[in-house]
Amino acid sequence: MTDPAIRPIAIIGGTGPAGTGLALRWARAGETVIIGSRDAARAEQTAEIIRTRAGAKAQVSGMENSAACATSNLLVLTVPFEGQAALLKQLKTAMRQGSILIDATVPLAASVGGRASRTIGVWQGSAAQQTAELVPKGVAVAAAFHNVSADVLNSDADVDCDVIVCSDDPNAMQIAMELATKIPRVRALDGGKLENARLVEQITALLIGLNIRHQGHGGIRITGFPDAVYKTSWIS
Ligand SMILES: NC(=O)c1ccc[n+]([C@@H]2O[C@H](COP(=O)([O-])OP(=O)(O)OC[C@H]3O[C@@H](n4cnc5c(N)ncnc54)[C@H](OP(=O)(O)O)[C@@H]3O)[C@@H](O)[C@H]2O)c1
């Protein structure tokens, strides 16, 4: 099981669809979750909505983003690409040594007025590598959850999607994979080095195009490997 010392889960930019969907699923799985926002009152309002949906025992609170970083050593970043770099610079001093940051950011062209079904080039190679460059030394970065539909996460349906995790840090890899398996029917796969996040981020743009074309909420499944390759916490 995940190291219980790496907790609670603080979702930076947690008031949007991606953050609330992940928070809902983790709260239902018994995790303690902090919703981060630029506005503490908005964070608390969102936390209240998630508590109502996740059930009486749900442990969800809301905080301004830097307070959330200072309170937790397990951070999940769910902000639009256009806000990513500036926010990380602002939060740098609040992040704790030894923290793990799991980045779900996709560099969609919509960030610069283009289409959501395209990505833009990032100098560092991917949004996740940009994050790795901007966090303080001693904060390990994993990339994950890019291909999971927020609409599905925010529903009561099982999530029919694999989560590919990329990281250069074995502990961050393991923790991100274990968090993924807390979502019913999600399988986590080790996707290799953080530089592979570029490829996983691109799949999201493809999925958005497919969703528009076929009016759905597509996910991905990677097939053909032995069962041991797929990390799950549910029984099929
Ligand atoms: N939506 C999906 O299905 C999905 C799936 C996988 C991955 N993703 C990725 O996850 C990230 C979040 O997606 P989302 O749909 O939840 O995005 P979103 O609703 O546009 O933004 C999420 C939150 O980020 C904060 N934010 C917005 N602009 C910001 C800025 N300039 N600086 C700092 N914070 C800002 C806002 O929170 P406050 O105003 O409360 O601070 C907002 O509620 C994106 O990078 C997206 O590509 C999305």
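In case you missed it, the structure is sitting above this.
Residues numbered from 1 in each chain as written. Predicted model: local features only at pLDDT ≥ 70, side-chain atom pairs only at ≥ 80, totals over all residues. Heavy atoms only, no water.

J.: Whenever I open this one, the sheet that holds strand E8 (residues 187–190) confuses me. Can you help?
T.: As a general point, the strands of a sheet are linked pairwise by backbone hydrogen bonds and lie either parallel or antiparallel. Judged by pairing direction, the sheet is mixed, and its eight strands sit side by side in the order E3-E2-E1-E4-E5-E6-E7-E8 without closing on themselves. With partners counted over all chains shown, the strands left at the sheet margins are strand E3 (59–64) and E8, one partner each. Going from strand to strand, the sheet's axes swing by 25° on average, the running direction of each strand aside. Judged from the two bridges that link them, strand E6 (residues 140–143) and strand E7 (residues 162–167) form a sheet pairing that is antiparallel. The residue of E7 that forms the bridge with Ala 143 is Cys 166. Contacts from helix H1 (residues 17–28) reach strand E1 (9–12), strand E2 (32–37), E3 and strand E4 (74–77) within the one sheet, and its direction differs from that of E1 by about 165°. (Pairing = 2+ DSSP bridges. Helix = DSSP H or I, 4+ residues; strand = E, 2+ residues; numbered from the N terminus. Axes fitted to C-alpha atoms, helices over the stretch in contact; angles between N-to-C directions. Contact = heavy atoms within 4.5 Å.)

J.: Looking at this structure, I do not really get the pairing of E2. What am I missing?
T.: Burial within E2 is extensive, with five of its six residues counted as buried. Bridging between E1 and E2 involves three bridges; their strand directions are parallel. By the bridge assignment, Ala 10 is partnered in E2 with Ile 34. Taken together, E1, H1 and E2 constitute a β-α-β crossover, and its handedness is right-handed. (Buried < 20%, exposed > 50% of the residue type's maximum accessible area, 1.4 Å probe, protein only. Right-handed = clockwise from strand over helix to strand, strands pointing away.)

J.: In this structure, what is going on with the layout of surface pockets? I would like to understand it.
T.: Empty space left among the atoms is revealed by rolling a probe the size of a water molecule over them. Space inside the largest pocket adds up to approximately 940 Å³. Forming the walls of the largest pocket are 40 residues, and the residues nearest its centre are Pro 17, Ala 18, Thr 78, Val 79 and Pro 80. Sort the elements by how many residues they give to the lining of the largest pocket and helix H4 (residues 81–91) lands first, with six residues. Of the residues assigned to the lining of the largest pocket, the class counts are 18 nonpolar, 18 polar and four charged. (1 Å grid on protein atoms, 1.4 Å probe; cavity = no way out; pocket = protein on both sides within 12 Å on 5 of 7 lines; lining within 4 Å. Points joined across faces, edges and corners; volume = space filled by probe spheres on them. Nonpolar A, V, L, I, M, F, W, Y, C, P; charged D, E, K, R; others polar.)

J.: For this particular structure, what's the right way to read the site of the ligand?
T.: In the region of the ligand, 21 residues are neighbours, and Thr 15, Ser 37, Arg 38, Arg 42 and Val 79 sit closest. Within the backbone of Pro 17, an N or O atom sits 3.2 Å from an oxygen atom of the ligand. Within the backbone of Ala 18, one N or O atom sits 3.0 Å away from an oxygen atom of the ligand. Bound to the protein, the ligand loses 76% of the 890 Å² it would expose on its own. For the ligand, the cavity whose grid points lie within 2 Å of the majority of its atoms is the largest pocket. (Near = heavy atom within 4 Å. Polar contact = N/O pair within 3.5 Å; in protein donor to acceptor, adjacent residues only side chain to side chain. Areas by Shrake-Rupley, 256 points an atom, 1.4 Å probe, with all protein chains shown as cover. Sits in = over half its atoms within 2 Å of the grid points.)

J.: Would you explain the pairing of E3 in this entry?
T.: Two faces, one strand: in a regular strand the side chains alternate between the faces of the sheet. In terms of strand pairing, E2 meets E3 through six bridges, oriented parallel. Each residue of the ladder has a partner; that of Gly 36, found in E3, is Met 63. With helix H2 (residues 40–54) bridging E2 and its parallel neighbour E3, the resulting β-α-β unit is right-handed.

J.: What is the right way to read the packing of aromatic side chains from this model?
T.: The description of two aromatic rings rests on the distance between their centres and on the angle between their planes. Applying the stated criterion to the full structure yields two aromatic pairs. Measuring from centroid to centroid gives 5.5 Å for Trp 26 and Phe 145, while their planes differ by 75°, and the two rings are edge-to-face. Separated by 119 residues along the polypeptide, Trp 26 in helix H1 and Phe 145 in the loop between E6 and helix H6 (150–153) bring together distant segments of the chain. Comparing Trp 26 with Phe 145, the two get one shared label, buried. Ring centres 6.4 Å apart and planes at 55° place the aromatic pair Phe 225 and Tyr 230 in the tilted group. In this structure Phe 225 comes out as partly exposed when scored by relative accessible area, which is 44%. By relative accessible area, Tyr 230 is classed as buried at 10%. Above the ring of Tyr 230, the side-chain terminus of Arg 187 is found at 3.9 Å from the ring centroid. (Phe/Tyr/Trp six-rings, centres within 6.5 Å; stacked < 30°, edge-to-face > 60°. Lys NZ or Arg CZ within 6 Å of the ring centre and 35° of its normal.)

J.: Help me understand the nonpolar core in this model?
T.: One recurring pattern in soluble globular proteins is that nonpolar side chains are buried together. Judged by nonpolar contacts, the single largest core of 69 residues is most densely connected at Trp 26, Met 95, Ile 102 and Phe 145. If you tally residues by element for this core, the top one is helix H7 (residues 170–181), at seven residues. Beyond its immediate sequence surroundings of up to four residues, Met 95 is in contact with Cys 69, Leu 75, Leu 88, Leu 101, Val 135, Pro 136 and Val 139. (Core = buried A, V, L, I, M, F, W, Y, C linked by side-chain atoms within 4.5 Å.)

J.: Is there a simple way to explain the packing of H4 against helix H5 (residues 127–134) in this structure?
T.: To describe two helices that pack against each other, one gives the angle between their axes and the distance between the axes. Across the interface, H4 lies against H5 with an axial gap of 9 Å and an inter-helix angle of 10°. Judged on the interaxial angle alone, H5 and H4 are roughly parallel. Relative to H5, H4 is oriented so that their crossing is right-handed. Touching Phe 81, Gln 84, Ala 85, Leu 88 and Lys 89 of H4 are Ala 127, Gln 130, Thr 131 and Leu 134, all from H5. Tallied by class, the residues present in the contact of H4 with H5 amount to five nonpolar, three polar and one charged. (Parallel < 35°, antiparallel > 145°, perpendicular 65-115°, else oblique. Left-handed = near helix turned anticlockwise from the far one by under 90°.)

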